[in-house]
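Each chain is listed here by its residues.
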Amino acid sequence: MRNAFAQCMTEVAGEDGKVFLLMADIGNRLFNNYRDAAPDRFLNCGIAEANMISMACGLAAGGFKPVCYTIAPFVTARCYEQIRVDVGYHESKVVIVGTGSGLSYASLGATHHGFDDLALMRAIPGIDIYAPCDANDVRGCLRAALAGPRPAYIRIGKKREPEMLPEVPAVDAGSYVEVRPGDDVCLLSCGTMLPNCLAAAEKLEAAGVSAAVVRCPTVRPLDAAFLREAFSNYRLVATVEEHSLVGGFGSAVAEFVIDEGLRDGAGLLRCGIPDEFIHRIGSQDFVRKECGLDADSIAARIKERLEGRG
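A quick note: this is a predicted structure, and the numbers were derived from the prediction, not measured. (Residues numbered from 1 in each chain as written. Predicted model: local features only at pLDDT ≥ 70, side-chain atom pairs only at ≥ 80, totals over all residues. Heavy atoms only, no water.)

Peer 1: Any details on the sheet that holds strand E11 (residues 236–244)? Residues and values, ideally.
Peer 2: Paired through their backbone hydrogen bonds, the strands of a sheet run either parallel or antiparallel. Strand order in the open sheet made by the 5 strands is E7-E9-E8-E11-E12, with mixed pairing throughout. Of all the strands in the sheet, just strand E7 (177–180) and strand E12 (267–273) have a single pairing partner and so form its edges. Averaged over all adjacent pairs, the angle separating strand axes in this sheet is 25 degrees, with direction ignored. Sheet topology places E11 next to E12; 6 bridges connect them, and they run parallel. Looking across to E12, one finds that valine 240 is bridged to cysteine 271. (Pairing = 2+ DSSP bridges. Helix = DSSP H or I, 4+ residues; strand = E, 2+ residues; numbered from the N terminus. Axes fitted to C-alpha atoms, helices over the stretch in contact; angles between N-to-C directions.)

Right, here's the structure in full:
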């Protein structure tokens, strides 16, 4: 996904002379082609993420279209005040990209775990939030964020994520896409959880449960029309995200259900990272399983809820 981001940044910089890339001492070689294409619109800010955000806001005020890039926890939590005040309060048209989100850097421990970024960014008014599922979706979300009228945050994975989309989608903020039909259960997949959701749907199908899978590339705005229909038509709606159960995509959907008065419709099951620190070190797949985000665990939780046991 990060390679796709670098390639797309090079493309959009060639198309638009106002696009400006800032990074915080990461991925130097990754942006060789970008630097060749736009050497005067590239800045390595060093290990100074807060300064990077403020510089980006200055560039935006000067008519540029700045994109800030580094590891997810460092581009959100480490410089949160600058995002809240300089970007959010002033409505600065800045695109912030967090790579290695969720458990992508699971083997590096808690300092590199990025599973609170959605909660942080959702707490700041006026920032669109994108969670692409694969490399092509990264390209679509980046183009949508740059073309949109508001500041944006894009959370991406790291590398070698499975290719799910055959081509670059036209991403509309707040528009969800069904990728697998079903009648009983609707799995709302946020970000890179799409392969696990599809695998869980296959397991449910084998158990006699018809499961739809929906790709949800935006956490803000939500697709309100789709959610109203889903909670009217299914027995159960499940959100699946590589993020804390506190404040993430599932929380956003739960808040929507309450605000819209949809509590008499389908039940809601939130699948995500428990509200606790992760102290065990391992691969991304290992920690996903520990958190119940592998396909077997997702399918099992859905079956338990349908049977009234979970």
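Peer 1: Give me the side chain of serine 244: which residues, what numbers.
Peer 2: Relative to the elements of secondary structure, serine 244 occurs in strand E11. Serine 244 gets classed as buried once you look at its relative accessible area, which sits at 7%. Polar side-chain contacts of serine 244 include one of 3.0 Å to the backbone nitrogen of valine 246. Beyond its immediate sequence surroundings of up to four residues, serine 244 is in contact with Phe115 and Ile273. (Buried < 20%, exposed > 50% of the residue type's maximum accessible area, 1.4 Å probe, protein only. Polar contact = N/O pair within 3.5 Å; in protein donor to acceptor, adjacent residues only side chain to side chain. Contact = heavy atoms within 4.5 Å.)

Peer 1: How would you summarise empty space enclosed by the protein if you had to cite specific residues and measurements?
Peer 2: Under the criterion given, the structure shown has 2 cavities of 30 Å³ or more. As a volume, the largest cavity reaches approximately 60 Å³. Forming the boundary of the largest cavity are Ser101, Gly102, Ala131, Pro132, Arg155, Ile156, Cys190, Gly191, Thr192 and Glu242. Its residues assigned to classes, the lining of the largest cavity comprises 4 nonpolar, 4 polar and 2 charged. Its volume calculated, the second largest cavity comes out at about 30 Å³. Ala131, Pro132, Cys133, Asp137, Ser189, Gly191, Leu194, Arg215, Cys216 and Pro217 together form the lining of the second largest cavity. (1 Å grid on protein atoms, 1.4 Å probe; cavity = no way out; pocket = protein on both sides within 12 Å on 5 of 7 lines; lining within 4 Å. Points joined across faces, edges and corners; volume = space filled by probe spheres on them. Nonpolar A, V, L, I, M, F, W, Y, C, P; charged D, E, K, R; others polar.)

Peer 1: Help me get a handle on the packing of aromatic side chains, residues and values and all.
Peer 2: Taken as a whole and assessed by the stated rule, the structure comprises 8 aromatic pairs. Both rings, one in phenylalanine 20 and one in phenylalanine 64, keep their centres 5.7 Å apart while their planes meet at 80 degrees; by these two values the pair is edge-to-face. Linking phenylalanine 20 in strand E1 (residues 19–23) with phenylalanine 64 in the loop between helix H3 (49–61) and strand E3 (65–71), this pair joins segments that are 44 residues apart in sequence. With a centroid separation of 6.3 Å and an interplanar angle of 70 degrees, the aromatic rings of tyrosine 176 and phenylalanine 226 are classed as edge-to-face. Within this pair, whereas tyrosine 176 is found in the loop between strand E6 (152–155) and E7, its partner phenylalanine 226 is found in helix H9 (residues 224–233), the two being separated by 50 residues in sequence. Here tyrosine 176 matches phenylalanine 226 in class, with each residue buried. One aromatic cluster in this structure is built from Phe5, Phe31, Tyr34, Phe42 and Tyr69. The ring of phenylalanine 64 has lysine 18 sitting right over it, with the charged end atom 5.2 Å from the ring centre. One residue, arginine 78, lies across the ring of phenylalanine 74, its end atom 4.2 Å from the ring centre. (Phe/Tyr/Trp six-rings, centres within 6.5 Å; stacked < 30°, edge-to-face > 60°. Lys NZ or Arg CZ within 6 Å of the ring centre and 35° of its normal.)

Peer 1: Kindly report on unusual backbone geometry, identifying the contributing residues and their values.
Peer 2: In the segment running from arginine 220 into proline 221, the intervening peptide bond is cis, with an omega of -5 degrees. Structurally, proline 221 is set in the loop between strand E10 (218–220) and H9. Positive phi, close to 55 degrees, is recorded for aspartate 25, a residue that is not glycine. Following the sequence through the fold, aspartate 25 ends up in the loop between E1 and helix H2 (32–37). Its relative accessible area of 41% is what places aspartate 25 among the partly exposed residues. Even without being glycine, glutamate 91 reaches a positive phi, approximately 55 degrees.

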